[in-house]
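Architecture at a glance
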Amino acid sequence: MDSLVSRMYGRWNLREVEFDIKYSNPTGSVKRDTIFKDFAKLQINSISREEDSRYPVCKGELFLQGKTWPVTFRMMASAERIVKKTGPQAFTLFETNFPTGSRPWKDDEIFFRDLGLTGENYSIEIDYSNNRMLWKGLNRDIKQIFLEKR
C-alpha cells in the first residue's frame, strides 16, 4: 500500500470510461455500451491514515462538465496481491464527499448523480512506469476506467 499511496497524489485524466450496460432496461444516465474519451479529471489532494493505518483515505475533486465534485475513497489491499503477488493492488468504494446532511440535487447535476461513476466498487491497478491506472468496476455498469497522470 505504501508504494501505491505515494503514486496516487496529483491530477489524473480519466482518459477512457467504458460502460458495459448489464440490464435490458438501464436506469442510469448511460443507456447503452459506451466509451467516453477524456471524460473528466480526478485531483487527489490528500491521503490520510489517521482513521486506520491499514486503509488510506484519499480525498480530492472530480472535474466534470464544468463542475467540481468532492470525492473520497478508501483503499484496501488485495489479499491476492499480498499472498500470490497477482491481481489488483487495491480495492475501493469511490464516493462523493459532500458535507454531512442531506443534499438536494439540482437539475444540472442529475447526469452525474445517475452516471454510476460514484457509489461503485473498483479494483485498482497502477502502472508505475507509465503513470497510468486501471480501475475496473465490480458491481454496476462501468466496466473500466483508464486514468493517466497529467
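Structure: above.
Described below are features of the structure shown in this document. Computed from a predicted model, the values in this text were never measured in an experiment.

Its place among the elements puts I142 in strand β8 (residues 142–149). C-alpha of I142 to C-alpha of I35: the two residues are 107 residues apart in sequence and 9.7 Å apart in space. Excluding residues within four positions of it along the chain, I142 makes contact with V17, E18, F19, G116, L117, E120, Y122 and G137.

Where empty space is left in the structure can be found by rolling a water-sized probe over the atoms. This model, assessed by the stated rule, comprises one cavity of 30 Å³ or more. Taken as a whole, the largest cavity spans an internal volume of roughly 50 Å³. Every residue along the wall of the largest cavity is listed here: L14, L42, L62, F94, L117, W135, I145 and L147. When its residues are assigned to classes, the lining of the largest cavity shows eight nonpolar, no polar and no charged.

In this structure, D38 is a non-glycine residue whose phi angle is positive, near 45°. Examined against the element boundaries, D38 turns out to sit in strand β2 (residues 34–48). Its identity is not glycine, yet N131 carries a phi of approximately 50°, on the positive side. Mapped onto the elements, N131 comes out in the loop between β6 (120–127) and β7 (132–137). You can call N131 partly exposed: its relative accessible area is 35%.

Pairing of strand β1 (residues 10–19) with β8 involves seven bridges; the strand directions are antiparallel. When the bridges of β8 are listed, E16 appears paired with F146. The pairing of β7 with β8 spans five bridges and is classified as antiparallel. Bridge pairing in β8 links W135 to I145.

Our next topic: the pairing of strand β4 (residues 67–77). The two faces of the sheet receive side chains in turn, since in a regular strand these alternate between them. Where strand β3 (residues 57–64) and β4 come together, eight bridges link them in antiparallel fashion. Bridge pairing links F63 to T68 in β4. The hairpin turn running from β3 into β4, its antiparallel successor, is two residues long, and Q65 in that turn takes a positive phi close to 50°. Relative to strand β5 (residues 90–96), β4 runs antiparallel, the two being bridged by seven bridges. Bridging across to β5, A77 finds its partner in A90.

On to the environment of G119, then. With respect to the helices and strands, G119 occurs in the loop between α3 (110–115) and β6. Residues G119 and F94, spaced 25 residues apart in sequence, show a C-alpha to C-alpha distance of 5.7 Å. If sequence neighbours within four positions are ignored, G119 has contacts with L93, F94, E95 and R140.

Cut-offs used in this document
Here the residue numbers are simple positions, counted from 1 along each chain's written sequence. Where local features are concerned, this predicted model is filtered to residues with pLDDT of at least 70; where side-chain atom pairs are given and counted, the filter is 80 or more; whole-chain, interface and lining totals use all residues. Think of the side-chain values as coming from all heavy atoms in the structure, minus any hydrogens and water. Only DSSP runs of H or I covering at least 4 residues are called helices, and only runs of E covering at least 2 are called strands; the numbering of each starts at the N terminus. Here a residue-residue contact requires only that any non-hydrogen atoms of the pair lie within 4.5 Å. Using only the protein atoms, space was sampled on a 1 Å grid; points where a 1.4 Å probe fits but cannot get out form cavities, open sets with protein on both sides within 12 Å along at least five of seven lines form pockets, and lining residues are those with an atom within 4 Å of a point. Grid points are joined across faces, edges and corners, and a volume is the space filled by probe spheres set on the points. Residue polarity follows a fixed list, in which Ala, Val, Leu, Ile, Met, Phe, Trp, Tyr, Cys and Pro are nonpolar, Asp, Glu, Lys and Arg are charged, and the others, Gly among them, are polar. Buried means the residue's accessible area, taken with a 1.4 Å probe over protein chains only, is under 20% of the maximum for its type, while exposed means over 50%, and partly exposed covers the values in between. Strands are treated as partners if at least two bridges between them are detected by DSSP.

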